[in-house]
Amino acid sequence: MTDTPDRPTRRLSRPPRVVVTRRLLPEVEARFSELFDARLNTPDEPFSRAELAEAMAACDVLVPTVTDRIDRHLIEAAGSNLGLIASFGAGTDHIDLAAAAERKIIVTNTPGVFTDDTADLTMAGIIGVPRRIREGVQLIRSGEWTGWTPTSLLGRKLGGKVLGIVGMGRIGQAVAHRARAFGLEIAYHNRKRLPEAVERMFAARFVESLDELVAQADILTLHCPANSDSRGMIDARRIGLMKEGACIINTARGDLIEQEAMIAALESGQLAGAGLDVYPDEPNVDPRLIAHPNVMTLPHIGSATREGREESGLKVIANIRMWVDGHRPPDQVLTGLER
């Protein structure tokens with residue numbers, strides 16, 4: 001597909017200067033080196049803000065990850081050659097898209113690659129938290145297990161419980177598909193209601209109010225981007241609406257939840273547990289979450305499969321090659337400000 005006049009592209013007569021901010025799989029890095037004038041992050045140390053600024057001043061293409069905060073100031077200070085920010089990953093909330101559009105810098109991502117991987121990990125939390133898996137593992141490792149008894153580590157069965165899904169996009173739907181096999185009742189809240197045929201496929205019912213969904217859910221799982229509307233959406237008031245003994249699963253973004261309110265509800269026993277793969281101040285994890293016996297704390301591994309990471313890297317390469325050839329990249333993120 002060739003580009004339309006209102007979308008900035010360029011055709012380079014030389015290999016583009018590409019800066020990759022984190023270490024990728026060896027086969028992906030080899031392809032980068034073969035095709036581009038690539039600067040790879042061999043030590044795999046996160047770029048400082050100064051290093052990001054230096055890279056953006058000198059490169060044609062920046063390949064950041066979700067942990068690189070590409071804000072307006074960095075974009076406005078970027079060199080005139082920077083024409084593409086080819087992000088590794090599906091999320092784009094770490095990039096100021098409006099500022100990039102104003103500078104005529106195209107932004108791409110790698111959508112759809114990690115859908116199944118993230119849904120699989122979400123199911124680990126949906127199963128593991130009600131069944132107190134983390135406590136069981138710790139009991140064995142501590143050497144304190146004294147054997148089976150009828151009343152030890154009693155959890156909750158999944159069948160018949162309400163799974164509340166916040167955000168019914170690709171990942172939310174993949175979770176719903178898996179959860180049906182465990183006998184969970186699927187309820188969801190979304191900006192727009194899904195077509196009736198899709199609801200039937202997942203046996204899912206739409207709940208128009210997020211407050212209502214929170215109040216109905218035995219297990220609440222989050223699958224929406226972080227933006228000005230969603231940050232802190234699960235706050236103290238909404239946590240107060242949840243059933244006593246409910247669980248929260250979050251494999252999306254850490255700042256969707258008001259962390260202090262969640263910790264207070266966990267410590268009081270209002271919430272039975274939580275499954276967390278993301279945190280508001282990564283890589284820092286609140287010690288109270290680590291200490292809680294029924295909080296599964298994972299190190300942001302929702303997308304951590306070899307297959308997914310390779311496919312994501314190859315998508316980044318495909319986007320860069322299309323841009324270099326003067327075409328619109330297939331995974332361009334549109335904001336409505338690209339003209």
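Quantities reported herein were computed from a predicted structural model and do not represent experimental measurements.

Rules of the game
- Residues numbered from 1 in each chain as written.
- Predicted model: local features only at pLDDT ≥ 70, side-chain atom pairs only at ≥ 80, totals over all residues.
- Heavy atoms only, no water.
- Axes fitted to C-alpha atoms, helices over the stretch in contact; angles between N-to-C directions.
- Helix = DSSP H or I, 4+ residues; strand = E, 2+ residues; numbered from the N terminus.
- Parallel < 35°, antiparallel > 145°, perpendicular 65-115°, else oblique.
- Left-handed = near helix turned anticlockwise from the far one by under 90°.
- Contact = heavy atoms within 4.5 Å.
- Nonpolar A, V, L, I, M, F, W, Y, C, P; charged D, E, K, R; others polar.
- Buried < 20%, exposed > 50% of the residue type's maximum accessible area, 1.4 Å probe, protein only.
- Pairing = 2+ DSSP bridges.
- Right-handed = clockwise from strand over helix to strand, strands pointing away.
- UniProt positions renumbered as here; feature names shortened; annotations may be inferred.

K.L.:
I'd like a rundown of the packing of helix H1 (residues 26-35) against helix H13 (residues 306-324), residues and numbers included.
P.N.:
Where H1 contacts H13, the two axes come as close as 9 Å, and the packing angle between them is 15°. When the axes of H1 and H13 are compared, the pair comes out roughly parallel. Taken as a pair, H1 and H13 cross one another with a handedness that is right-handed. Residues Glu 27, Val 28, Arg 31, Phe 32 and Leu 35 of H1 touch H13, and the partners they reach there are Arg 306, Glu 310, Gly 313, Val 316, Ile 317, Ile 320 and Arg 321. Residue composition of the contact of H1 with H13, by class: 6 nonpolar, 1 polar and 5 charged.

K.L.:
Could you give an account of the pairing of strand E9 (residues 219-222), with specific residues and numbers?
P.N.:
Along E9, one buried face is formed by Ile 219 and Thr 221 and the opposite face, lined by Leu 220 and Leu 222, is buried too. With 4 bridges joining them, strand E6 (residues 162-166) and E9 adopt parallel strand pairing. Pairing of Gly 164 across the sheet is with Leu 220, part of E9. Bridge count between E9 and strand E10 (residues 246-250): 4 bridges; the pairing is parallel. Bridging across to E10, Leu 220 finds its partner in Ile 248. Regarding the hand of the β-α-β motif, the stretch spanning E9, helix H10 (residues 236-241) and E10 is right-handed.

K.L.:
Explain the UniProt feature "domain: D-isomer specific 2-hydroxyacid dehydrogenase NAD-binding" (unreviewed entry) in the protein residue by residue, including any values.
P.N.:
UniProt records the feature "domain: D-isomer specific 2-hydroxyacid dehydrogenase NAD-binding" (unreviewed entry) at residues 125-302, using the numbering of this structure. What you have in residues 125-302 is 34% helix and 17% strand, and the ends, taken at the C-alpha atoms, are 11 Å apart.

K.L.:
I'd love a proper account of the sheet that holds E9, names of residues and values included.
P.N.:
Here we have 7 strands laid out as an open sheet, ordered E8-E7-E6-E9-E10-E11-E12, and parallel in their pairing. With partners counted over all chains shown, the strands left at the sheet margins are strand E8 (204-206) and strand E12 (295-297), one partner each. Across the sheet, the mean angle from the axis of one strand to that of its neighbour is 20°, orientation sign disregarded. Inspection of the sheet shows strand E7 (residues 185-189) paired to E8 by 3 bridges, in the parallel sense.

K.L.:
So what's going on with the UniProt feature "domain: D-isomer specific 2-hydroxyacid dehydrogenase catalytic" (unreviewed entry) in the protein? Which residues, and what values?
P.N.:
Under the UniProt annotation, "domain: D-isomer specific 2-hydroxyacid dehydrogenase catalytic" (unreviewed entry) lies at residues 18-333. Counting secondary structure, residues 18-333 comes out at 38% helix and 15% strand; the distance between its end C-alpha atoms is 19 Å.

K.L.:
Describe helix H11 (residues 259-268), naming the residues involved and giving the relevant values.
P.N.:
For H11, the set of buried residues is Gln 259, Ala 261, Met 262, Ile 263, Ala 265 and Leu 266. On its buried face, H11 is in contact with H10, strand E11 (271-276), helix H12 (287-291) and E12. Where H11 terminates, the next one or two residues include Gly 269, which has phi positive at roughly 95°.

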